[in-house]
Amino acid sequence: MRALISGGAGFIGRHLATELRLQGHDLIALDLLSPQVHREPEAARAGFPGRMVVGDVCDADAWARCSDADVVIHLAAETGTGQSMYQQDRYHQVNVEGTRLAAREAARRGVPLVAISSRAVYGEGARVEADGTRTYDGVVRPGSRAADSREDDPHAPVSVYGETKSEGEQVIAAELGGRGSATVIRPQNVIGAGQALHNPYTGVLAAFLACLKEGRAISVYGDGAQTRDFVHVTDLTAMIGWAVANPAPAADGPRIINCGSGVRTTLRELADHAVAASLSAPVDIVHVDVHRAGDIRDACADLTRARELGTPSPRWCAADAVADFVRTSWDQPGARADAWDRALDELRDRGLTS
Ligand SMILES: NC(=O)c1ccc[n+]([C@@H]2O[C@H](COP(=O)([O-])OP(=O)(O)OC[C@H]3O[C@@H](n4cnc5c(N)ncnc54)[C@H](O)[C@@H]3O)[C@@H](O)[C@H]2O)c1
């Protein structure tokens, strides 16, 4: 089988390419080799185990330059939540219009689409109130607790990034609904080797790593009690591989699947895991009293549907995934810790913090 992967040179794309090659598939990537993600675009191009078309997913001609494929896997996106709050047009163009072209390309070729959305479509996500009712307005009432997000929960994004991911899903339904096979996967926070280390607009762990390497205290924004669901990148690529091997029935409309570990980790615990995994002397963990626009309090995937479908079970816990990231990233070049300070200052200057 030949797979066309948009964004194939990125963090998830590279892991996916390795997995699909091991399964014997031929690969072609469509990737812009965006300078924000790739410091060494030629190395990224040379490292891809297949043909790479350098082009923009918003450009129909770039898609046309890609040879025949049996499946379209759409990963390419702008991914910085904070950055999306002030680069709205760019995020909308790439994440919505790029997704529209990916869906059209799958339809034109008559092949299944597997697209990566995000848990960001849920925004603050569901809560269970003291009386057992499920609410979605993000208000923390006495006695309520965060609930795991289900695929049928309403979309309530709180960032432009989340909005564009939500619109991207709607575009897929409009382009393919009932006519073409489409699987939409909503990953939680993905971690693992090869994550961008010099992009201060994404990746809390890359910031923690920079602090560990410089012997600087780790900054946790807020009280550290916020929760996230960290999923190892190979658990996500296993699910993508499953979706490729088990295309969604076209008549049912897009098949939406959560991807996570199903376990909550607080940001404070994440920082503790990072310090425990450090290859250098332990550093302090400090709390910075700031909230960034677009950040949410709690997130975790409900994996009931994934289990019912029989997708591969997640194999990594957060502590092991963090240790894997720290070990494999330690000697890689990346931004210095103050790059994240500057990214926060940029948000402050634009009135996007409180
Ligand atoms: N990493 C996570 O934690 C996470 C979580 C949820 C969802 N996702 C989604 O997974 C997908 C892949 O994310 P990633 O972490 O690998 O990101 P990444 O930034 O590492 O990779 C994205 C790739 O897309 C390419 N790209 C960007 N704009 C493009 C354009 N206009 N045309 C062609 N190529 C373009 C980049 O050059 C890069 O190679 C994205 O859709 C992202 O929204 C990621």
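We now turn to the structure provided with this report. (Residues numbered from 1 in each chain as written. Predicted model: local features only at pLDDT ≥ 70, side-chain atom pairs only at ≥ 80, totals over all residues.)

The next point concerns the sheet that holds strand S4 (residues 71–74). An order of S3-S2-S1-S4-S5-S9-S14 is seen for the seven strands of this open sheet, with the pairing classed as parallel. In this open sheet, the two edge strands, each paired with only one partner strand, are strand S3 (51–54) and strand S14 (255–259). Adjacent strand axes in the sheet meet at a mean angle of 20° when their direction is disregarded. Pairing between strand S1 (residues 2–6) and S4: four bridges, direction parallel. From the neighbouring strand, Leu4 faces S4, where its bridge partner is Val72. Each of strand S5 (113–116) and strand S9 (182–187) is contacted by helix H6 (residues 160–176), which is oriented at about 170° to S9, the strand it contacts most. (Pairing = 2+ DSSP bridges. Helix = DSSP H or I, 4+ residues; strand = E, 2+ residues; numbered from the N terminus. Axes fitted to C-alpha atoms, helices over the stretch in contact; angles between N-to-C directions. Contact = placed C-beta atoms within 7 Å.)

Think of an α-helix as turning once every 3.6 residues; residues three or four places apart then point the same way. With 13 residues, helix H8 (residues 233–245) ought to run about 18 Å at 1.5 Å a step, and its terminal C-alpha atoms sit 18 Å apart, in line with that. Taken across its 13 residues, H8 has 11 buried, putting it largely inside the fold. Of the residues making up H8, those classed as buried are Val233, Thr234, Asp235, Leu236, Thr237, Ala238, Met239, Ile240, Gly241, Ala243 and Val244. (Expected span 1.5 Å × (residues − 1). Buried ≥ 20, exposed ≤ 12 C-beta atoms within 10 Å, placed from the backbone.)

Let's shift gears to the site of the ligand. Taken together, the neighbourhood of the ligand is formed by 29 residues, with Gly7, Gly10, Phe11, Ala77 and Val190 sitting nearest. Elements with a minimum of two residues in the shell around the ligand: helix H1 (11–22), helix H5 (88–109) and strand S10 (189–191). Top contributing element to the shell around the ligand by residue count: H1, with three residues. Per-class residue counts for the shell around the ligand are 16 nonpolar, 10 polar and three charged. (Near = placed C-beta within 6 Å. Nonpolar A, V, L, I, M, F, W, Y, C, P; charged D, E, K, R; others polar.)

Looking now at the sheet that holds strand S8 (residues 145–146). Taking strand neighbours across the sheet as the criterion, the three strands line up as S7-S6-S8 in an open arrangement whose pairing is antiparallel. Strands at the two margins of the open sheet, each flanked by one partner only, are strand S7 (134–135) and S8.

Before going further, it helps to examine the environment of Pro49. Here Pro49 is to be found in the loop between helix H2 (41–47) and S3. Using a count of 15 C-beta atoms within 10 Å as the deciding quantity, one classes Pro49 as partly exposed.

At their nearest, the axes of H5 and H6 sit 9 Å apart, and the two run at 20° to each other. On the basis of the axis angle, H5 is roughly parallel to H6. Classified by chirality, the crossing of H6 by H5 is right-handed. Residue-level contacts link Gln88, Tyr91, His92, Asn95, Val96, Thr99, Arg100, Ala103, Arg104, Ala106 and Ala107 of H5 to Val160, Tyr161, Thr164, Lys165, Glu167, Gly168, Val171, Ile172, Glu175 and Leu176 of H6. Here the contact of H5 with H6 is composed, by residue class, of 10 nonpolar, six polar and five charged. (Parallel < 35°, antiparallel > 145°, perpendicular 65-115°, else oblique. Left-handed = near helix turned anticlockwise from the far one by under 90°.)

Taken by themselves, the reported measurements are silent on function.
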